[in-house]
Amino acid sequence: MRLYGVVAAGSFRRYATYRMATAAGVFTNTVFGFILAYTYVALWDERPHLGGYDVSQALTYVWLGQALLMACAMMGGGFEDELVERIRTGDVAVDLYRPADLQLWWLAGDLGRAAFHLLGRGVVPLGLGALAFDLALPSSPVTWLAFLVAVFLGVMVSFAIRFLVAVSAFWLLDGAGAAQIAMLAGLFFSGMLLPLTVFPGALGEVARALPWSALLQIPADVLLGKHTGRGLAGAYAFQAGWAAVLLAAGRALQSLATRRVVVQGG
């Protein structure tokens, strides 16, 4: 496990070196945060308590979305492009023969990436949003801790989805199509555009049952106090369940791919 800790720390340092890119990302997240915030204000003026949120909670949801956009990779990004390229060129064969698990290696690196983006691109936009608007941020450190646990589980689900997309390149050769579909699904079904509680009828039920809801909707509701007690345990179970299922599916595809590489290499 020490190896994967080193990989995570190295990934954190790697992303921390791109200071100008981080500053540009903070600026972009802040600008889009203001655009969405004023859009939400207009919408909630017409439909107060839409989706079960008051205006302050809706604005908090907006800025949490900007804070978690890169950490939870709701629009993709991170390791998958690099892994797809290694699969395409055949360099992944070296990775599979190393005395390290392929999935755990990339997971460790992605956790380091997510930790940096949460701090480097998440804190400042959320702080600026809190200065400009009356956000419903909790004062209890317990609630913030519960939120961070939900964010961690959301990152695990996000990684599991993107790992499946990347590993599909063993059979598709080019993962661009699958990555594009995953990006669009993540943008829509994570609740990045609108809270999933706003979605009507069967669409809302389906959207809230899909794994992408673990990326933003659940962490935001945890911070806003929508999940407490057994409800909080149920939210964690939902996230952990999807993470376990998707990671297992990724590991199964990884095993099939390893056999394929070994057979072709032999």
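Just so you know, these numbers come straight off a predicted model, no measurement behind them.

Another point: the layout of surface pockets. Reported here for the largest pocket is a volume of approximately 280 Å³. Surrounding the largest pocket, 14 residues form its lining, Arg14, Glu82, Trp105, Trp106 and Gly109 being those nearest its centre. Of all the secondary structure elements, the ones that give two or more residues to the lining of the largest pocket are helix H1 (2-16), helix H4 (80-89) and helix H6 (102-132). Looking at the lining of the largest pocket residue by residue, the classes come out as five nonpolar, four polar and five charged.

Here the focus is the nonpolar core. Grouped together as the largest cluster of nonpolar side chains are 68 residues, with contacts concentrated most on Met74 and Leu83. By residue number, the principal contributor to this core is helix H7 (residues 141-167), which donates 14 residues.

For histidine 49, which is not a glycine, the phi torsion comes out positive at approximately 60 degrees. Its location among the elements puts histidine 49 in the loop between helix H2 (19-46) and helix H3 (55-68). In this structure histidine 49 comes out as exposed when scored by relative accessible area, which is 56%. In this structure, alanine 73 takes a positive phi of about 50 degrees despite not being glycine.

The next subject is the side chain of aspartate 101. Considering the arrangement of structural elements, one finds aspartate 101 in the loop between helix H5 (92-97) and H6. A distance of 2.8 Å separates polar atoms of two side chains, one belonging to aspartate 101 and the other to arginine 251. Not counting residues up to four positions away in its chain, the partners in contact with aspartate 101 are Tyr4, Arg251 and Gln254.

Attention shifts here to the packing of H6 against H7. In contact at an axis separation of 10 Å, H6 and H7 are set at 130 degrees when each is read in the N-to-C sense. Classified by the interaxial angle, the pair formed by H6 and H7 is oblique. Viewed along their axes, H6 and H7 form a crossing whose handedness is right-handed. Seen from H6, the contacting residues are Gln103, Trp106, Leu107, Asp110, Leu111, Arg113, Ala114, Leu118 and Leu126; seen from H7, they are Trp144, Leu148, Val151, Phe152, Val155, Met156, Phe159, Arg162 and Phe163.

Taken as a whole and judged by the stated rule, the model has seven salt bridges. The residue aspartate 110 makes a salt bridge to arginine 113 at a minimum N-O spacing of 2.7 Å. Within this pair, aspartate 110 and its partner arginine 113 are both found in helix H6, separated by three residues, close to a single helical turn. The same class applies to aspartate 110 and to arginine 113, which are both buried. Residues glutamate 205 and arginine 208 are paired through a salt bridge, measuring 3.3 Å at the closest nitrogen-oxygen approach. Of this pair, glutamate 205 and arginine 208 are both found in helix H10 (residues 201-209), three residues apart, which corresponds to roughly one turn of the helix. Its relative accessible area of 52% is what places glutamate 205 among the exposed residues. Since its relative accessible area comes to 29%, arginine 208 is described here as partly exposed. Each of Glu80, Asp110, Arg113 and Arg162 takes part in a single network of salt bridges with overlapping partners.

Mapped onto the elements, phenylalanine 79 comes out in the loop between H3 and H4. Judged by its relative accessible area of 4%, phenylalanine 79 is buried. Through-space distance from the C-alpha of phenylalanine 79 to that of arginine 162 is 8.3 Å; in sequence the pair is 83 residues apart. Contacts of phenylalanine 79, omitting those with residues within four sequence positions, involve Trp106, Asp110, Phe159, Arg162, Phe163 and Ala166.

What counts, and where the lines are drawn
Residues numbered from 1 in each chain as written. Predicted model: local features only at pLDDT ≥ 70, side-chain atom pairs only at ≥ 80, totals over all residues. Heavy atoms only, no water. 1 Å grid on protein atoms, 1.4 Å probe; cavity = no way out; pocket = protein on both sides within 12 Å on 5 of 7 lines; lining within 4 Å. Points joined across faces, edges and corners; volume = space filled by probe spheres on them. Helix = DSSP H or I, 4+ residues; strand = E, 2+ residues; numbered from the N terminus. Nonpolar A, V, L, I, M, F, W, Y, C, P; charged D, E, K, R; others polar. Core = buried A, V, L, I, M, F, W, Y, C linked by side-chain atoms within 4.5 Å. Buried < 20%, exposed > 50% of the residue type's maximum accessible area, 1.4 Å probe, protein only. Polar contact = N/O pair within 3.5 Å; in protein donor to acceptor, adjacent residues only side chain to side chain. Contact = heavy atoms within 4.5 Å. Axes fitted to C-alpha atoms, helices over the stretch in contact; angles between N-to-C directions. Parallel < 35°, antiparallel > 145°, perpendicular 65-115°, else oblique. Left-handed = near helix turned anticlockwise from the far one by under 90°. Salt bridge = Lys/Arg side-chain N within 4 Å of Asp/Glu carboxyl O.

In short, geometric facts, not functional conclusions.
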